[in-house]
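Analysis of the macromolecular model
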Amino acid sequence: MSQTASVDTRIQLITTQQAPGSTCSPDLAQGPWEFDPQPGYGPGASMADEIPTTAPRQGELPDAYKQASTEDLHARIRAAKETLGEKLVILGHFYQRDEIIAHADFVGDSFQLANASLTRPEAEAIVFCGVHFMAETADMLSQPEQAVILPNLAAGCSMADMADIDQVEECWEQLMDVYGPTADDGRQSVIPVTYMNSSAAIKGFCGRNGGIVCTSSNAATVLEWAFERGQRVLFFPDQHLGRNTAKAMGISLDQMPMWNPNKPLGGNDEQSLLDAEVILWHGFCSVHRRFTVAQIEAARAEHPGVRVIVHPECPMPVVDAADESGSTDYITKAIAAATEPTTFAIGTEINLVQRLAAEYPQHTIFCLDPVVCPCSTMYRIHPGYLAWVLESLVDGTVVNQIQVPDDVTTPARVALERMLAAKPPAAAGTSA
Ligand code: SF4
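Each chain has its residues counted from 1, running along the sequence as written. pLDDT decides what is reported in this predicted model: residues at 70 or higher carry local features, side-chain atom pairs at 80 or more are listed and counted, and totals for whole chains, interfaces and linings draw on all residues regardless.

In the annotation of an unreviewed UniProt entry, the entry for the protein chain reads Quinolinate synthase, and the organism field reads Ruania alba. UniProt positions are given in the numbering used here, feature names are shortened, and annotations may be inferred rather than shown by experiment. The UniProt entry for the protein chain carries this comment under Function (unreviewed entry): "Catalyzes the condensation of iminoaspartate with dihydroxyacetone phosphate to form quinolinate." Under the UniProt heading Sequence similarities (unreviewed entry), the note attached to the protein chain is "Belongs to the quinolinate synthase family. Type 3 subfamily."

**Quick word on the site of the ligand**
In this entry, near means the residue's backbone-placed C-beta atom lies within 6 Å of the molecule or strand. Inspection of the region around the ligand gives 15 residues, with C157, M159, C285, V287 and C375 positioned closest. A class-by-class count of the residues in the shell around the ligand yields nine nonpolar, five polar and one charged. Polarity classes work like this: nonpolar for Ala, Val, Leu, Ile, Met, Phe, Trp, Tyr, Cys and Pro, charged for Asp, Glu, Lys and Arg, and polar for all others, with Gly in that last group.

**With respect to the sheet that holds strand β5 (residues 191-195)**
DSSP bridges decide pairing: two strands pair if at least two such bridges lie between them. What counts as a helix is a DSSP run of H or I of at least four residues, what counts as a strand is a run of E of at least two, and both are numbered from the N terminus. Taken together, the five strands give an open sheet; going across it, the order is β6-β5-β7-β9-β8, and neighbouring strands pair in parallel fashion. Edge positions in the sheet fall to β6 (212-214) and β8 (258-259), since each has one partner strand and no second. Bridge count for β5 against strand β7 (residues 233-236) is four bridges, and the pairing is parallel. Within the sheet, the bridge partner assigned to P192 lies in β7 and is L234.

**Points about the UniProt feature "binding site: iminosuccinate" (unreviewed entry) in the protein chain**
Residues given the UniProt feature "binding site: iminosuccinate" (unreviewed entry) here are H93, S110, Y195, M196, N197, S216, H311, P312, E313 and T328. Among the secondary structure elements, S110 is positioned in helix α5 (residues 110-118). Residue class for S110 comes out buried when judged on the 28 C-beta atoms lying within 10 Å of it. Here the C-beta atoms are placed from the backbone, and a residue counts as buried if at least 20 other C-beta atoms lie within 10 Å of its own, exposed if 12 or fewer do, and partly exposed otherwise.

**Concerning the environment of T83**
Residue placement: T83 occurs in helix α3 (residues 70-84). For T83 and I402, which are 319 residues apart along the polypeptide, the C-alpha to C-alpha distance reads 23 Å.

**Concerning the nonpolar core**
Proteins that are soluble and globular tend to have nonpolar side chains buried together. Defined on buried residues, the nonpolar core groups Ala, Val, Leu, Ile, Met, Phe, Trp, Tyr and Cys residues joined through C-beta atoms within 7 Å. The biggest cluster of nonpolar side chains holds 124 residues, and the ones touching the most others in it are F128, V193 and I212. Counting residues per element, this core draws most heavily on helix α17 (residues 383-394), at seven residues. Once C-beta atoms are placed from the backbone, any two residues with those atoms within 7 Å are in contact. Filtering out sequence-adjacent residues up to four positions away, F128 remains in contact with L91, M134, A135, A138, V148, I149 and L150.

**A look at the domain arrangement of the protein chain**
For the domain bounds, the source is a domain assignment made automatically or taken from a database. For the protein chain, the domain assignment lists domain 1 (3-160 + 377-394), domain 2 (163-283 + 408-425) and domain 3 (288-367). For domain 2 and domain 3, the distance between their C-alpha centres works out to 29 Å. Taken together, the contact pairs 10 residues of domain 2 with 13 residues of domain 3. Here the residues of the side of domain 2 that touches domain 3 sort into one nonpolar, six polar and three charged.

**Some details on the pairing of strand β1 (residues 88-93)**
Counting buried positions over the six residues of β1 gives six, a clear majority of the element. Covered by surrounding structure in β1 are L88, I90 and G92 together with V89, L91 and H93, the residues of both alternating faces. Pairing analysis gives five bridges linking β1 to strand β3 (residues 125-129), with the strands arranged parallel. Note on β3: the bridge partner recorded for G92 is C129.

**Some points on the packing of helix α9 (residues 200-208) against helix α18 (residues 406-422)**
Relative to each other, α9 and α18 sit at 70 degrees, their axes nearing to 7 Å. Comparing the axis directions of α9 and α18 gives the class roughly perpendicular. Handedness of the crossing formed by α9 with α18: left-handed. In contact with A200, A201, K203, G204, C206, G207 and R208 of α9, α18 contributes V408, P411, A412, V414, A415 and L416. Here the contact of α9 with α18 is built from residues that sort into nine nonpolar, two polar and two charged. A fitted line through C-alpha atoms serves as each axis, taken over the contacting stretch for helices, and the angle formed by two N-to-C directions is quoted from 0 to 180°. When an angle is under 35 degrees it counts as roughly parallel; over 145 it counts as roughly antiparallel; between 65 and 115 it counts as roughly perpendicular; any other value is oblique. Take the far helix as your reference; a near helix turned counterclockwise from it by less than a right angle gives a left-handed crossing, and one turned clockwise gives a right-handed crossing.

**Here's the deal with the UniProt feature "binding site: [4Fe-4S] cluster" (unreviewed entry) in the protein chain**
UniProt records the feature "binding site: [4Fe-4S] cluster" (unreviewed entry) at C157, C285 and C375, using the numbering of this structure. Across 219 residues of sequence, these annotated residues stay compact in space, with a maximum C-alpha separation of 9.2 Å. If you trace the backbone, C157 turns up in the loop between β4 (147-149) and α7 (158-161). A tally of 26 C-beta atoms within 10 Å means that C157 is categorised as buried. Not counting residues up to four positions away in its chain, the partners in contact with C157 are V131, H132, F133, N197 and T377. We classify C375 as buried; it has 29 C-beta atoms within 10 Å.

**Focus on the sheet that holds strand β11 (residues 324-325)**
Whether parallel or antiparallel, the strands of a sheet pair through hydrogen bonds between backbone atoms. One open sheet holds the four strands; their spatial order is β11-β10-β12-β13, and the pairing between them is parallel. Edge positions in the open sheet fall to β11 and β13 (364-367), since each of these has one partner strand only. In this sheet, strand β12 (residues 343-347) lies alongside strand β10 (residues 307-310) in parallel orientation, the contact comprising four bridges. Residue pairing across strands places R307 opposite F344, the latter belonging to β12. Sheet strands in contact with helix α16 (residues 350-359) are β12 and β13, and its direction is about 170 degrees off that of β13.

**Focus on helix α11 (residues 239-248)**
Counting buried residues in α11 gives eight out of 10 residues, a clear majority hidden from the surface. Within α11 the residues assigned to the buried category are Q239, H240, L241, G242, R243, N244, T245 and A246. Positive phi shows up at G250, right after α11, with a value of about 95 degrees.

**Remarks on the pairing of β3**
The buried count for β3 comes to four of five residues, which makes it a mostly enclosed element. Alignment of β3 against β4, held across three bridges, turns out to be parallel. In the strand pairing of β4, V127 is matched with I149. Handedness of a crossover: with both strands directed away from the viewer, a clockwise path from the first strand across the helix to the second marks it as right-handed. Taken together, β3, helix α6 (residues 132-141) and β4 constitute a β-α-β crossover, and its handedness is right-handed.

What follows is the structure in structure tokens.
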């Protein structure tokens with residue numbers, strides 16, 4: 001892995017004034033254990049987001065890991081991996097630091113990684129280098145005897161946290177008061193659709209209420225599935241994916257009211273809910289919300305002929321101004337498929353963009369947002385934590401296990417299986 005691709009390295013150089021540029025927070029240069037005891041998502045794109053009081057906290061990391069050099073940590077991780085052999089599989093999300101990806105057995109988006117772990121039934125431990133909802137999904141799809149481990153429990157997802165199960169249950173109750181359970185034509189009055197980037201509890205809610213899960217590459221297929229069975233859709237947690245997808249299907253913006261969980265009827269009047277086709281939950285990804293139309297205009301001015309590809313978690317005006325939009329899998333495949341040297345401006349998380357730039361030197365690839373600002377929570381997975389969970393496994397101790405209760409897993413699997421039936425698993429694709 002090329003060190004020029006490393007966001008860690010760039011942040012260190014910028015913060016020590018050895019390289020030009022800026023980061024969204026100079027605190028990124030510190031170890032994440034500096035922030036673990038504090039409330040909040042830590043430095044990075046989500047640092048201004050409100051964190052739920054119930055969000056898991058990470059306990060103290062032993063000093064030996066905090067004080068170890070990068071080289072020492074890498075050596076310890078390699079040694080532990082070798083000792084554990086087939087008993088271990090390490091999954092690395094696209095948005096992880098290169099220093100973590102270097103040790104991953106599989107690299108991909110959350111759903112690809114959950115599926116990849118299914119190919120390793122002999123593994124006793126699945127170490128998921130990603131965020132909390134991803135480890136939950138892996139646990140729900142894994143064998144009961146396999147332990148899914150999240151190296152830093154503070155690695156949540158601010159977007160997933162924006163739809164809390166109590167708020168969703170309350171919203172559902174209010175919608176049932178307005179709609180009743182069944183439409184005049186016999187369909188369900190409203191179908192809940194949750195993005196993969198949501199808690200297991202929310203996926204379970206969808207399973208229990210005739211709903212389904214979607215990813216960023218199959219959202220249109222899933223919405224079609226939902227409209228065959230329901231008069232309208234309640235889409236959460238990401239308003240932007242919901243809006244971009246529904247708009248591309250021809251649904252007008254005035255039939256997409258937003259649901260603010262802190263207001264009665266989500267801040268809507270009854271008539272606008274009756275007229276709604278898609279009710280959008282008031283959630284967003286702070287990484288993808290950073291991209292702007294002005295950045296696209298600047299890229300086009302500076303690089304005539306640039307191909308602009310953004311993630312559908314970006315706001316609608318950004319998706320509209322781009323040449324293409326698609327999931328992380330779409331973006332990586334689009335770049336891999338380009339046969340002529342091409343300039344790409346990409347609107348997704350900086351670690352993935354930097355890695356693609358290093359992997360495809362024949363192209364010019366840059367992040368639309370010039371500020372080095374990673375996903376705050378993905379960035380909480382540091383090699384120190386990975387070394388700690390692996391060496392604990394070598395010592396026979398499972399730390400940071402993520403376990404979803406059976407009464408949540410059963411309905412959540414129903415919602416996931418509906419998604420797989422809506423589209424063949426081989427093409428079911430990707431999520432952020
Ligand atoms: S990039 Fe956005 S959606 Fe993905 S984990 Fe980070 S905050 Fe959550």
